Amino acid sequence: MRRLNKKKALTLMKELDAFPKVPESYVESTASGGTVSLIAFSLMAVLAFLEFFVYTNTWMRYEYEVDRDFTSKLKINVDITVAMKCQYVGADVLDLADTMVASDGLIYEPVNFELSPPQRLWHMTLQHIQERLRVEHSLQDVIFKSAIKAAPLDQTQSEDVSTVLTACRIHGHLYVNKVAGNFHITIGKSIPHPRGHAHLAALVNHDIYNFSHRIDHLSFGEAIPGLIHPLDGTEKISANPNHMFQYFITIVPTKLNTYKVSADTHQYSVTERERVINHAVGSHGVSGIFMKYDINSLMVRVTEQHMPFWQFLVRLCGIVGGIFTTTGMLHGIIGFLVDVVCCRFHMGIYRRLKETPLDLQADGETTAPTQS
């Protein structure tokens, strides 16, 4: 009884077989079929290889939400070279709350404004990258993925002690309130004032004014080596001593999370404006470099994502099954067309059989039907 039930179960499983086996004696191998199979296997291998590269690649996902962090401080990272001696210029920040931030975190380093050939080459490369970033916005994803959280490189310029250092490199960082403000570099050192702040500009000769400058780096938030910001590599040369350079910056808080780095930083966009100060023609103002920044209320969350392994397997199975089925259909269609063109196709494979009349069949003998 148990053997009978087992036999019935096997019979039932055979009836449910969705992959019936064809005896090898019924299978005919042809040269055309072998050629199509070779092409199909080659396509499968190539597409599977390319799909593996897609699986190993990553992409950046951007999400937007309201920034609810209003209590933390904003870090400003600065590296600017001004074509004036350090004793004549001063840098500080004044926000909308009339709070002046002292420039204690900034270092004033005497340097030469002209760059050495290797530094000039790097500066030209940086400007070329900035031009491509303005056109190809997708390059920013590549920069995000290539950023490495490490100690920033030392950009100190090696100077010859015999040369006269006529420029000042202002670099370092400042911590300011997370409100709109104005970071500026102008004539004279800043001093506190009951109504804000002031600069000792009266002690500097007007002929010394020269606000030609080069911005090697300007960023907000945590400094991440490898990221290129919009003002990095900017160089402005002025022939007029009374020149005002203005940069209107909109800061966007950004949470960056990649496989190499996870940090809270800030992106920004900038609009530049410059003009010559001439009170006689109504162009009023103060000579200097002014960076007016404002903080966006939206925060961007940038996350590097990767294709799941199960999705890779599904796509791989789709490639193999799709090519196998498609090449089989094409092989059948092409074979049918070849038979039609070569007149080897007949509408009736088997012709009608001519029956023998019954009166000719005698003595119980059966005559085999003949083909007409």
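Our subject is the structure that appears above.
Since the structure is predicted, the reported quantities are computational estimates derived from the model, not experimental observations. (Residues numbered from 1 in each chain as written. Predicted model: local features only at pLDDT ≥ 70, side-chain atom pairs only at ≥ 80, totals over all residues. Heavy atoms only, no water.)

Participant: Is there a simple way to explain helix α3 (residues 117-135) in this structure?
Facilitator: Working note: α-helix, 3.6 residues per turn, so residues spaced by three or four point in the same direction. Here α3 spans 28 Å end to end across 19 residues, near enough to the 27 Å set by a 1.5 Å rise per residue. Of the positions making up α3, those classed as buried are His123, Leu126, Gln130 and Leu133. Projected onto a plane normal to the axis of α3, the buried residues spread over an arc of 80 degrees and lie on a single side. Pointing more than 90 degrees away from the buried face of α3 are the exposed residues Pro117, Pro118, Leu121, Met124 and Val135. Considering only its buried residues, α3 is in contact with α4 (139-146), β10 (213-221) and β11 (234-236). (Helix = DSSP H or I, 4+ residues; strand = E, 2+ residues; numbered from the N terminus. Expected span 1.5 Å × (residues − 1). Buried < 20%, exposed > 50% of the residue type's maximum accessible area, 1.4 Å probe, protein only. Arc of directions from axis to C-beta. Contact = heavy atoms within 4.5 Å.)

Participant: Where do I start with the nonpolar core in this structure?
Facilitator: As a rule of thumb, nonpolar side chains are buried together in soluble globular proteins. Counting residues in hydrophobic clusters, the biggest one holds 35 residues, and the most contacted among them are Phe183, Ile185, Leu218, Ile249, Met291 and Tyr293. Counting only elements with at least two residues in this core, the list comes to β2 (74-82), β3 (89-95), β6 (167-176), β7 (181-187), β10, β12 (243-257) and β14 (288-295). In terms of residue count, the dominant contributor to this core is β2 (5 residues). Each residue touching Met291, except ones within four places of it in the same chain, is listed here: Ile80, Gly181, Asn182, Phe183, Ile215, Leu218, Tyr247 and Ile249. (Core = buried A, V, L, I, M, F, W, Y, C linked by side-chain atoms within 4.5 Å.)

Participant: Looking at this model, I keep getting lost on the packing of aromatic side chains. Mind explaining?
Facilitator: Both the distance between ring centres and the angle between the ring planes are used here to describe each pair of aromatic rings. Counted according to the given criterion, the structure contains 8 aromatic pairs. Ring geometry for Phe220 against Tyr268: centres 5.5 Å apart, planes inclined by 85 degrees, an arrangement best described as edge-to-face. Of this pair, Phe220 sits in strand β10 while Tyr268 sits in strand β13 (residues 262-276), placing them 48 residues apart in sequence. Under the relative-accessibility criterion, Phe220 is labelled buried at 3%. Taken together, the ring pairs connect Phe49, Phe52 and Phe53 into an aromatic cluster. (Phe/Tyr/Trp six-rings, centres within 6.5 Å; stacked < 30°, edge-to-face > 60°.)

Honestly, it's all geometry; don't read function into it.
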